[in-house]
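Listed below, chain by chain, are the residues.
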There are 2 protein chains.
Amino acid sequence: MLYFIGLGLGDAKDITVKGLEIIKQCSRVYLEAYTSILTVGKQALEEFYGRELILADRDMVEQEADEILKGADTVDVAFLVVGDPFGATTHSDLVLRALKAGIRYTVIHNASIMNAVGCCGLQLYNFGETVSIVFWTDSWKPESFYDKIKRNRDSGLHTLCLLDIKVKEQTMENLMRGRKIYEPPRYMSVNQASEQLLEIVQNRRERQEDLAITEDTICVGLARVGAEDQAIAVGTLHQLASCDLGGPLHSLVVTGHLHPLEVDMLRLFAIELDTLPNLKMTDSSTYVS
Amino acid sequence: MLYFIGLGLGDAKDITVKGLEIIKQCSRVYLEAYTSILTVGKQALEEFYGRELILADRDMVEQEADEILKGADTVDVAFLVVGDPFGATTHSDLVLRALKAGIRYTVIHNASIMNAVGCCGLQLYNFGETVSIVFWTDSWKPESFYDKIKRNRDSGLHTLCLLDIKVKEQTMENLMRGRKIYEPPRYMSVNQASEQLLEIVQNRRERQEDLAITEDTICVGLARVGAEDQAIAVGTLHQLASCDLGGPLHSLVVTGHLHPLEVDMLRLFAIELDTLPNLKMTDSSTYVS
């Protein structure tokens, strides 16, 4: 059996009781280490689980899946995923390979940012399509996520923005020379995401488009959701561009139409207490009671 | 401290290790029992946690919140919620009351249907707004969820439909006479939701509207997600109207634009193997490779 086990969002103890029991009985345990991270590292997990973990990076999962699946028709193998196994990134490909090889699979679910984002007080059923904000480069500045945010806002819906992660990236030179030398991992912060959004707002303004968001749109920055040092900051997009939420992972929510109860919750995390009441005047698309 | 603890979706062992440790140390433990259910009852949870649970129904949470909060500024109180505490139904009101009374709170997240639905192979970031389908009565047949599904479909997005739950409902007579006699709980099945959708399709067809969905739109029925006897069935809306998925809870997904990898996953759960390949001809809004 191949077990896909979600680890949740915070630390080692966020695994479910069922998930932990299964890990202890498996022959091999892989840790998927390229789509997300916990606030603790591999060693802390190994100590808590009492098991050695095999790191599975993107290359391994995509190119050496047979290695992971080996023998899983007769022994139990666990594949650990931060968050939920079918959260932001699915592992459908590994499921299909397993079944093709006659291996059954079981999923042990857990929290992911896709549902835990509700902790900021915005109601999950008022969210539209989730978007990803990627790191811009000097020559590549895609704006497609803005148009999705616009579509959500036009329908009064909030948008969860998942922020880019760069793990085991190679410089162009190292890539071309075939040298397996990797850059340090990079995790996009709420500041960086906000700055990119502000740049798009400015671009669209220059093109005289109707703006979906402005510098004054209320946004929510979230960091290390589910961990003890979780941080949530509510303010205008402009404010979030200079708000330090500490270490990764970060996520950003661009709000849509706000229900009074949502406003009451957002106030708990306001960067400046008078941001929310003032909002009505500056960003008419957002409703405040 | 007031702890909001998610129980996940299946049985007693779907609680996180952290959540279980907290339950064991709390002075009082409440079980929220009106927005969702596990596949096991209160007694099984009490045996596994080694703690007595106090059932908190809607009346209690809404009208006797002080009772729940009593003393939580000095002792630890746990409030258990099936799924994630801020999943389909938030408990923002209880959070705000706690803070007003000077009581701090902590959230222990877990899986909810909002993210676990990914187990059917549809990618979470291809979902639009989540909708609720309510039980129709003879005189009240709202169709607003259809318009939201239409909006999602127009954007190529899938729609998660949460199906109605009626717990501790009173008949009009008992309500008027003030008798606290409750009807047996009712949980909407995938069949019932599909039948209501089919009726709307027929209504809209008679009004000569452009149809957002038809009898041939590919839908996914899910039952008891995360439990050992979880069931997933993929077929046309027409097929799902007569497909028995067993006991509660059920959810329904109306698909949007399908990515080839999503189609490969959906095939695993197809009611009839030739449903998906045939689809192209009958429902042109859905893409199949």
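Residues numbered from 1 in each chain as written. Chains lettered and ligands numbered in written order. Predicted model: local features only at pLDDT ≥ 70, side-chain atom pairs only at ≥ 80, totals over all residues. Heavy atoms only, no water.

A closer look at the domain arrangement of chain A
Accessible area lost upon the coming together of the parts serves often as the stated size of an interface.
Residue and element names in this part refer to chain A.
Here's step 1: Segmentation of chain A into domains returns domain 1 (2-111) and domain 2 (114-288).
Here's step 2: Computed from C-alpha coordinates alone, the two centres of domain 1 and domain 2 are separated by 29 Å.
Here's step 3: The interface of domain 1 with domain 2 comprises 13 residues on the first partner and 16 residues on the second.
Here's step 4: The contact between domain 1 and domain 2 buries some 940 Å² in all, and 64% of this surface belongs to carbon and sulfur atoms. (Domains from an automatic or database assignment. Contact = heavy atoms within 4.5 Å. Buried area = accessible area lost by both parts, 1.4 Å probe.)

Brief notes about the pairing of strand β2 (residues 28-32) of chain B
Residues and elements named next belong to chain B.
Here's step 1: The buried fraction of β2 is high, at five of five residues.
Here's step 2: Sheet topology places β2 next to strand β4 (residues 77-81); four bridges connect them, and they run parallel. Pairing of Arg28 across the sheet is with Val77, part of β4.
Here's step 3: Across three bridges, the pairing between β2 and strand β3 (residues 54-56) is parallel. Each residue of the ladder has a partner; that of Tyr30, found in β3, is Ile54. (Buried < 20%, exposed > 50% of the residue type's maximum accessible area, 1.4 Å probe, protein only. Helix = DSSP H or I, 4+ residues; strand = E, 2+ residues; numbered from the N terminus. Pairing = 2+ DSSP bridges.)

Remarks on the pairing of strand β10 (residues 218-223) of chain A
All names here are of chain A.
Here's step 1: The element β10 is extensively covered by neighbouring structure, given that six of its six residues are classed as buried.
Here's step 2: Strand direction decides the pairing type here: β10 and strand β11 (residues 231-236), joined by six bridges, are antiparallel. By the bridge assignment for β11, Leu222 is matched with Ile232.
Here's step 3: Sheet topology places β10 next to strand β12 (residues 250-254); five bridges connect them, and they run antiparallel. Counterpart to Gly221 in the pairing with β12 is Leu252.

Focus on the UniProt feature "binding site: S-adenosyl-L-methionine" (unreviewed entry) in chain A
Here's step 1: Following the UniProt record, one finds the feature "binding site: S-adenosyl-L-methionine" (unreviewed entry) at Leu9, Asp84, Gly87, Ser112, Ile113, Leu163, Val225 and His250 of chain A.
Here's step 2: Along the chain, Leu9 of chain A falls in the loop between β1 (2-6) and α1 (17-25).
Here's step 3: Looking at Leu9 of chain A, the relative accessible area reads 16%, which means it is buried.
Here's step 4: Setting aside residues no more than four positions away along its own chain, Leu9 of chain A makes contact with Asp14, Leu38, Gly83, Ala111, Ser112, Ile113, Ala116 and Val225 of chain A.
Here's step 5: With respect to the helices, strands and loops of the structure, Asp84 of chain A is situated in the loop between β4 (77-81) and α5 (92-100).
Here's step 6: Sequence-distant contacts of Asp84 of chain A, that is, excluding residues within four places in its chain, are made with Gly6, His109, Asn110, Ala111 and Ser112 of chain A together with Asn115 and Ala116 of chain B. (UniProt positions renumbered as here; feature names shortened; annotations may be inferred.)

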